[in-house]
Amino acid sequence: GMLRLALRIPNLNVTGWVQRPGEGGTGTGRWDAAEAELTVDLQTAEVLWRNDDLKPVPDSMSEYHDYGALFGRAPLHCGLVVRQEHRHWVHVVGTDYDLIDWD
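Right, let's walk through the structure included here. (Residues numbered from 1 in each chain as written. Predicted model: local features only at pLDDT ≥ 70, side-chain atom pairs only at ≥ 80, totals over all residues. Heavy atoms only, no water.)

**Let's talk about the overall build of the protein chain**
Secondary structure summary: the protein chain contains 3 helices and 9 strands in total. Ordered by position from N to C terminus, the α and β elements of the protein chain give α-β-β-β-β-β-β-α-α-β-β-β. Considering only C-alpha atoms, the protein chain reaches an extent of 50 × 30 × 20 Å along its principal axes. When each of the 103 residues of the protein chain is scored for burial, the buried share is 31%. Counting only carbon and sulfur atoms, one obtains 52% of the accessible surface of the protein chain, whose full area is about 7000 Å². (Helix = DSSP H or I, 4+ residues; strand = E, 2+ residues; numbered from the N terminus. Buried < 20%, exposed > 50% of the residue type's maximum accessible area, 1.4 Å probe, protein only. Areas by Shrake-Rupley, 256 points an atom, 1.4 Å probe, with all protein chains shown as cover.)

What follows is the structure in structure tokens.
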């Protein structure tokens, strides 16, 4: 429920959550879903993809008609795959899609 709201993906279905162990085997408040490459930290209320902050899909990518045809106009979150001098590559979290912006 809360992850669906936070990521604005109503049909998100992430399973296989495992609590990250702390010192002495006690829980840390961090939960990992390896298949989705997501981490949720309940103490700081952070959601991470590949241990990096999630960000809104950049306007430079979401303004295209193809984006609207695939995802609609709802704002989605993405995780950085790689940022290079002329290429910005992100993964749209909760989907199977990557987006690449070349300049």
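Read on, since the account is not over.
**Some remarks on the sheet that holds strand β7 (residues 77-83)**
Within a sheet, each strand pairs with its neighbour through backbone hydrogen bonds, oriented either parallel or antiparallel. Strand order in the open sheet made by the 4 strands is β6-β7-β8-β9, with antiparallel pairing throughout. Each edge of the open sheet carries a strand with a single partner, namely β6 (55-56) and β9 (98-102). Taken together, the 2 bridges between β6 and β7 define a ladder with antiparallel strand orientation. The residue of β7 that forms the bridge with Lys-55 is Cys-78. (Pairing = 2+ DSSP bridges.)

**Some details on the pattern of salt bridges**
Summed over the entire model, instances satisfying the criterion amount to 3 salt bridges. Residues Arg-20 and Asp-32 are paired through a salt bridge, measuring 2.8 Å at the closest nitrogen-oxygen approach. Taken together, the positions of Arg-20 in strand β1 (residues 17-21) and Asp-32 in strand β2 (residues 27-33) put the pair 12 residues apart, joining distant regions of the chain. With a relative accessible area of 29%, Arg-20 lands in the partly exposed category. When the shortest N-O distance is used, the salt bridge between Arg-30 and Asp-41 registers 3.0 Å. (Salt bridge = Lys/Arg side-chain N within 4 Å of Asp/Glu carboxyl O.)

**What about the side chain of Arg-87?**
Of note, Arg-87 is situated in strand β8 (residues 87-92). The charged side chain of Arg-87 is buried without a salt bridge, its nearest counter-charge being Asp-98 at 9.3 Å. Here Gln-84 takes part through its side chain, which lies 2.6 Å from a polar atom of the side chain of Arg-87. With residues near it in sequence (within four places) discarded, Arg-87 still touches Val-82, Ile-100, Asp-101 and Trp-102. (Lys, Arg positive; Asp, Glu negative; His and termini not counted. Polar contact = N/O pair within 3.5 Å; in protein donor to acceptor, adjacent residues only side chain to side chain. Contact = heavy atoms within 4.5 Å.)

**Describing the nonpolar core**
Residues Leu-3, Leu-7, Leu-38, Val-47, Val-57, Leu-76 and Leu-99 are the most contacted members of the largest nonpolar core, which totals 21 residues. Secondary structure elements with two or more residues in this core: α1 (2-7), β3 (38-41), β4 (46-49), α3 (65-71) and β8. Apart from residues no more than four positions distant in its own chain, Leu-76 is found in contact with Arg-8, Ile-9, Lys-55, Pro-56, Val-57, Tyr-67, Phe-71 and Val-92. (Core = buried A, V, L, I, M, F, W, Y, C linked by side-chain atoms within 4.5 Å.)

**Points about the sheet that holds β2**
On the basis of which strands lie adjacent, the open sheet formed by 5 strands has the order β1-β2-β3-β4-β5 and antiparallel pairing. In this open sheet, the two edge strands, each paired with only one partner strand, are β1 and β5 (52-53). With 2 bridges connecting them, β4 and β5 associate as antiparallel partners. Across the sheet, Trp-49 pairs through a bridge with Asp-52, a residue of β5.

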